[in-house]
Amino acid sequence: LELPAPADALEADYQALLQLLEAREAERQTQQDRRYQDMCDYYTTWAHQIKTPIAAMRLLLQQGAEPDRAAVSAELFRIEQYVEMVLSYQRLGSDTVDLVLRRVELGRVVRGCVRKFAGLFIMKKLPLELGEVGLEVLTDEKWLAFVIEQLLSNALKYTREGSINIRVEGRSLVIEDTGTGIAPEDLPRLGERGFT
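Cut-offs applied
Along each chain, numbering runs from 1 in the same order as the chain's sequence is written. With the structure being a predicted model, the display of local features is reserved for residues of pLDDT at least 70 and the display and counting of side-chain atom pairs for 80 or more, all residues being used for whole-chain, interface and lining totals. To obtain the side-chain values, all non-hydrogen atoms of the structure were used and water was disregarded. What makes a salt bridge here is a side-chain nitrogen of Lys or Arg within 4 Å of a carboxyl oxygen of Asp or Glu, nothing more. Fitted lines through C-alpha atoms serve as axes, helices being fitted only where they are in contact, and the angles separating the N-to-C directions of these axes extend from 0 to 180 degrees. Strands here are runs of E lasting at least two residues and helices are runs of H or I lasting at least four, both read from the DSSP assignment and numbered beginning at the N terminus. Each angle gets one of four labels, with under 35 degrees taken as roughly parallel, over 145 as roughly antiparallel, 65 to 115 as roughly perpendicular, and the rest as oblique. Left-handed describes a crossing whose near helix is turned anticlockwise from the far helix by less than a right angle; the clockwise case is right-handed. Should any heavy atoms of two residues lie within 4.5 Å, those residues are counted as being in contact. Polar here means any residue other than Ala, Val, Leu, Ile, Met, Phe, Trp, Tyr, Cys and Pro, which are nonpolar, and Asp, Glu, Lys and Arg, which are charged; Gly is therefore polar. Expected span of a helix: the number of residues minus one, times 1.5 Å. Residue exposure (1.4 Å probe, protein chains only): buried if accessible area is under 20% of the type maximum, exposed if over 50%, otherwise partly exposed. Polar contact is the term for a pair of N or O atoms within 3.5 Å; when the atoms are in protein, one must be able to donate a hydrogen and the other to accept it, and sequence-neighboring residues count only if both atoms are side-chain atoms. If DSSP finds at least two bridges between two strands, the strands pair. Any residue with relative accessible area above 30% and no salt bridge may belong to a patch, with like charges joined within 9 Å and the nonpolar Val, Leu, Ile, Met, Phe, Trp and Tyr side chains within 5 Å. Surface accessibility in these figures is a Shrake-Rupley result with a 1.4 Å probe; residues are shielded only by whichever protein chains are displayed. Here the bend at a residue means the angle between the axes of two seven-residue stretches, the one that ends at it and the one that starts at it. Between the rings of Phe, Tyr and Trp (Trp by its six-membered ring), a pair exists once the centres lie within 6.5 Å; its type follows the angle of the planes, with under 30 degrees stacked, over 60 edge-to-face, and the other angles tilted.

Student: Whenever I open this one, the pattern of salt bridges confuses me. Can you help?
Tutor: Under the criterion given, the structure shown has nine salt bridges. E105 is paired through a salt bridge with R111; the nearest N and O atoms lie 3.3 Å apart. Put simply, E169 and R167 hold a salt bridge, and the shortest N to O gap is 2.8 Å. If you follow the salt bridges from partner to partner, you end up with R102, R108 and E141 in one network.

As structure tokens, then:
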């Protein structure tokens, strides 16, 4: 913002205020542009992820014989999970995140998540070792279940053989698998929004 030289101290104060407002607006616009880019990146990644189970279902259905119902069901489950994930992402970005914090029995939440993925455990022939998870935690049950489901989904996706183990150590829930793991250079980015 180019302004003429101030005629007096009052005009100088007004110009300083205008420049401050301009700087704040530029920062707000930068943040908005960053959020928009994050959203575009997320939905682009999501679209690529959801194409895989759709293509797999198409191939299963195009085979000449009767399609493998378990395999089609597993791919449909993956699509449902991706849709749930994108809906959760939208809710997370809203100004009114619907958190309901209350005391919840952790084992009940974990068992519900495990039941949801039972078909995939069976299909992949992966044993699940479910240890004692009898903690009571203060949490939002829906968001906790979402996080646990994401961890189970990734564990199932990247574990070819071995097992998945769920247990409590102290006051921490541990979900451990024998899969490929996370590259050390990616560990610092795990909390970043949209990082996959």
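Student: What should I look at first to understand the packing of helix α3 (residues 106–124) against helix α4 (residues 141–158) in this one?
Tutor: Two numbers describe a pair of packed helices, the interaxial angle and the distance between the axes. Running from N to C, α3 and α4 point in directions that differ by 25 degrees, and their axes come no closer than 10 Å. The angle between the axes of α3 and α4 places the two elements in the roughly parallel class. Relative to α4, α3 is oriented so that their crossing is right-handed. On the side of α3, the interface is formed by L106, R108, V109, V110, C113, V114, K116, F117, L120, F121 and K124, while α4 contributes E141, L144, A145, I148, E149, L152, S153, L156 and K157. Class assignment of the residues belonging to the contact of α3 with α4 gives a composition of 13 nonpolar, one polar and six charged.

Student: Can you help me understand helix α1 (residues 9–62) in this one?
Tutor: In an α-helix, one turn spans 3.6 residues, which is why side chains three or four residues apart end up on the same side. In a regular helix each residue adds 1.5 Å, so 54 residues correspond to 80 Å; α1 covers 79 Å between its end C-alpha atoms and thus fits that length. Taken residue by residue, α1 has Q15, Y42, W46, I50, P53, M57 and L60 as its buried positions. Sitting at the amino-terminal end of α1 is D8, which places a side-chain oxygen 3.2 Å from the backbone nitrogen of L10.

Student: Is there a simple way to think about the environment of Q62 in this case?
Tutor: When you line up the elements, Q62 lands in helix α1. For Q62, a relative accessible area of 57% gives the class exposed.

Student: Teacher, can you tell me more about the sheet that holds strand β2 (residues 128–130) here?
Tutor: Paired through their backbone hydrogen bonds, the strands of a sheet run either parallel or antiparallel. Reading across the sheet, the three strands line up as β2-β4-β5 and stay open at both edges, with mixed pairing between neighbours. On the outer flanks of this sheet lie β2 and β5 (172–177), each paired with one strand and no other. On average, adjacent strands in this sheet sit at an angle of 15 degrees to one another, irrespective of strand direction. Pairing analysis gives three bridges linking β2 to strand β4 (residues 164–169), with the strands arranged parallel. Considered in β4, the bridge of E129 is made with N165.

Student: I keep staring at a nonpolar patch on the surface and nothing clicks. Help me out?
Tutor: Residues L10, Y14, L17, L18, L20 and L21 make up a contiguous nonpolar surface patch of about 590 Å² in total accessible area. By secondary structure assignment, the location of L17 is in helix α1.

Student: Looking at this structure, how should I read α3?
Tutor: Compared with an ideal rise of 1.5 Å per residue, which puts 19 residues at 27 Å, α3 spans 26 Å between its outermost C-alpha atoms and is within 8% of the ideal. In the structure, α3 departs most strongly from a straight axis at F117, where the bend amounts to approximately 55 degrees. Of all the residues in α3, the buried ones are L106, G107, V109, V110, C113, V114, F117, L120 and F121. Positive backbone phi, at 55 degrees, marks K125, one or two positions downstream of α3.

Student: What is the right way to look at the pairing of β4 in this model?
Tutor: Along any regular strand, the residues point their side chains to alternate faces of the sheet. By the bridge criterion, six bridges tie β4 to β5 in an arrangement that is antiparallel. By the bridge assignment for β5, E169 is matched with S172.

Student: Quick question: what am I supposed to make of the packing of aromatic side chains here?
Tutor: Any aromatic ring pair is given by two values, namely how distant the centres are and how the planes are angled relative to each other. Considering all chains together, one arrives at three aromatic pairs under this definition. Seen from their ring centres, Y42 and Y43 are 5.5 Å apart, and the 80 degrees between their planes marks the pair as edge-to-face. Overall, the relative accessible area of 8% leaves Y42 in the buried class. According to the relative accessible area criterion, Y43 is partly exposed, its value standing at 26%. An angle of 85 degrees between the planes, with centres 5.0 Å apart, marks the rings of F77 and F117 as edge-to-face. Here F77 is found in helix α2 (residues 69–93), whereas its partner F117 is found in helix α3, with 40 residues between them in sequence. Its relative accessible area of 14% is what places F77 among the buried residues.

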